[in-house]
Amino acid sequence: MSNEKNHIANERINELEARVNSLERQLKRQKIARKNAESFLETYSQDAYLANQALRKSLQASKQRERELLYLSRSASQLGANNTVASFIFSALESAVEFCQASCGKAVIVKNGDMVVGDDNKVLTPNDGWIEANDLSTLIVNELPLTFTEGYAHWCVNAVERDDTKKEARVIHFMHELADNEFAWLALLTEDDNLDEETLYILDTTKHYLNFGLRYQLKSHKLSHQEAAISTMQEDRKQLEERLVSADKMAMLGQLAAGIAHEINNPIGYVRSNTTVAKEIFNDYQSALEQIGDLCREAGGHIASTFERLEKDYALKDSANDIAEMFEESSEGIERIIDIVKALRSFSYPNSDKRTEISATEAFQTAIKLTNNLHRYKNNVIFCEPEHDVTFKGNSGQIQQVLVNFLTNAIYATAEGKNITLKVERDNDNVLLIVEDEGAGMSAEVLNKVFTPFYTTKPPGEGTGLGMSISLTIVEEHGGKVDIYSTEGVGTRVVVSIPCSSPED
């Protein structure tokens, strides 16, 4: 009886120990799952904030471009629509008042020192048209240096205090010299002291429109010259329309990419966490199975033969190896999805305020080192180091991302033994970072789609199709541009142009 009691007690102890081990494993898995959940919750909150900021920026930029397009379109149409100098001046004023959302505006023409237009109390408002406003008219006119006889190069801005609102405001004015000792003034009064610098930049095109338009009106013998100017402005309008459409498309794609990244982040977090936990559970089962097999073989006889038969019938070792490989492949697939989500996030909000002084030479040398394993036994990468290094302001990590992307694409497209040449040049106030390859080149169709998000010529699984889009966005965020020249069977030349830190001597 004593032996039986001891046996029962030992069995209970073993059961309790097994239960304790099981609970400890469950607690460990729960801690891992909780840690992963907290991590993904933090990431999701950050993504939501960044997505909101990106959406606001995209909407603001879209509205600004829409106003720019409307202004340039209307100004271009005025060149042939107005028959007199005064009508042309007033049409330009109307467009300017509407575009910059000024409180009001006024046009003044001075001839031989006398005010022949604008000597009334009327001002032009965006909502009510021309109204009587003696105080506003006087305030605007008093800020104009009407004795000035040289045309402005740009719009000028004066700070004033409005009597009606008791607030500081701005008078924006521009003078254009006409024929026969005549001078035309355009003046705008803002509601307060807020003034968008980009508004001044776009309004500055009025100088060109007035110059071309008024010459057309006053000197009919220069009609051919004016037709060329109109054609150029129409081309500018067309290009701006294309830029607006492209910008809106990129903004929408950025929002879509951000949305996709946010939607994928949560479920992929669960999958990643569950896969990690499941893999650990399977490892425990596999370890337990090996111990059971050892015990059965030690017992020998019928028990050992039965286990060996079951192991053979169900291919336990092979199945365990297959399941282990499945876990590895699933983990790799999950990490691949996470990499794509990171790329989507970079595409949605790539901008950064951290700007430092960057050496063009060092940037290329670092890119060569980072891609060394790709080209070391394949291509000849030749860096033509400039005699004088060129520096520019930017985010070092983002610029490195751009150069590595273009260099990687060149390596991918260039056959073994062929050359890839890197150059640093200076074009006025811009640094040119050039990547040339002797690769397969691109067709016109591929070249037109090269910056389209998710478009790639690489086999499935080897590219997300976001590298070129992200690179273009980063370069534009740095105030630069990317030009690509490619010929099938000859090679490709990529030129990244970014403003230098200091002007050329």
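Computed from a predicted structure; not experimentally measured.

**Student:** Can you lay out the overall build of the chain for me, pointing to particular residues and giving the numbers?
**Tutor:** Summing up its helical and strand segments, the chain has 13 helices and 14 strands in all. Among the 505 residues that make up the chain, the fraction classed as buried is 37%. Across the chain, every contact between residues at least 6 apart in sequence was considered, and the portion connecting residues at least 24 apart equals 68%. Taken as a whole, the chain presents about 29,500 Å² of accessible surface, with 50% of it coming from carbon and sulfur.

**Student:** Help me get a handle on the packing of helix 11 (residues 396–413) against helix 13 (residues 467–477), residues and values and all.
**Tutor:** Viewed as axis vectors pointing N to C, helix 11 and helix 13 meet at an angle of 140°, and their least axial separation amounts to 9 Å. Between helix 11 and helix 13, the angle falls in the class oblique. Read as a crossing pair, helix 11 and helix 13 show a hand that is left-handed. Contact residues: helix 11 offers Gln398, Gln401, Val402, Asn405, Phe406 and Asn409, while helix 13 offers Gly467, Met468, Ile470, Ser471, Ile474 and Val475. Class assignment of the residues belonging to the contact of helix 11 with helix 13 gives a composition of six nonpolar, six polar and no charged.

**Student:** Can you lay out the nonpolar core for me, pointing to particular residues and giving the numbers?
**Tutor:** Counting 38 residues, the largest nonpolar core has Leu93, Trp155, Trp185, Leu186, Leu188, Leu189 and Leu203 as its most contacted members. Listing elements by their share of this core, those giving two or more residues are helix 2 (85–99), strand 1 (104–111), strand 3 (122–125), helix 3 (134–142), strand 6 (168–177) and strand 7 (182–189). In this structure, Leu189 is in contact with Ala102, Ser103, Cys104, Leu136, Leu139, Ile140, Val160, Arg162, Ala169, Arg170 and Val171, ignoring residues within four places of it in sequence. Core analysis: the next-biggest nonpolar cluster, separate from the first, contains 36 residues, Ile368, Ile411, Leu422 and Leu472 among them.

**Student:** Which residues make up the pattern of salt bridges, and what values go with them?
**Tutor:** Counted according to the given criterion, the structure contains eight salt bridges. Here Arg297 makes a salt bridge to Asp294, at a shortest N to O gap of 3.4 Å. In this pair, Arg297 and Asp294 are both assigned in helix 6 (residues 223–299), three residues apart and thus about one turn of the helix distant. The class for Arg297 is partly exposed, based on a relative accessible area of 39%.

**Student:** I'd like a rundown of the pairing of strand 3, residues and numbers included.
**Tutor:** Bridge analysis of strand 3 against strand 4 (residues 129–132) gives four bridges, and the strand direction is antiparallel. Each residue of the ladder has a partner; that of Lys122, found in strand 4, is Glu132. With antiparallel pairing between neighbouring strands as the criterion, strand 3 and strand 4 make up a hairpin whose turn holds three residues.

**Student:** Tell me about unusual backbone geometry, and name the residues and values.
**Tutor:** One non-glycine residue with positive phi stands out, namely Asn112, at about 50°. Tracing the chain through its elements places Asn112 in the loop between strand 1 and strand 2 (114–117). Residues other than glycine seldom take positive phi values, yet Lys166 does so here, at roughly 60°. Residue placement: Lys166 occurs in the loop between strand 5 (156–161) and strand 6. According to the relative accessible area criterion, Lys166 is exposed, its value standing at 59%.

**Student:** Provide a residue-level description of the confidence of the model for the chain, including the pertinent values.
**Tutor:** On average, residues of the chain score 77 in pLDDT, and 72% of them are at 70 or above. Within the chain, strand 3 carries the highest mean pLDDT (92), whereas helix 5 (residues 205–218) carries the lowest (62). Across residues 347–351, confidence stays below pLDDT 50; counting only partners more than four residues off in sequence or on other chains, it has 25 contacts.

Criteria and cut-off values
- Residues numbered from 1 in each chain as written.
- Predicted model: local features only at pLDDT ≥ 70, side-chain atom pairs only at ≥ 80, totals over all residues.
- Heavy atoms only, no water.
- Helix = DSSP H or I, 4+ residues; strand = E, 2+ residues; numbered from the N terminus.
- Buried < 20%, exposed > 50% of the residue type's maximum accessible area, 1.4 Å probe, protein only.
- Contact = heavy atoms within 4.5 Å.
- Areas by Shrake-Rupley, 256 points an atom, 1.4 Å probe, with all protein chains shown as cover.
- Axes fitted to C-alpha atoms, helices over the stretch in contact; angles between N-to-C directions.
- Parallel < 35°, antiparallel > 145°, perpendicular 65-115°, else oblique.
- Left-handed = near helix turned anticlockwise from the far one by under 90°.
- Nonpolar A, V, L, I, M, F, W, Y, C, P; charged D, E, K, R; others polar.
- Core = buried A, V, L, I, M, F, W, Y, C linked by side-chain atoms within 4.5 Å.
- Salt bridge = Lys/Arg side-chain N within 4 Å of Asp/Glu carboxyl O.
- Pairing = 2+ DSSP bridges.
- pLDDT = per-residue confidence, 0-100.

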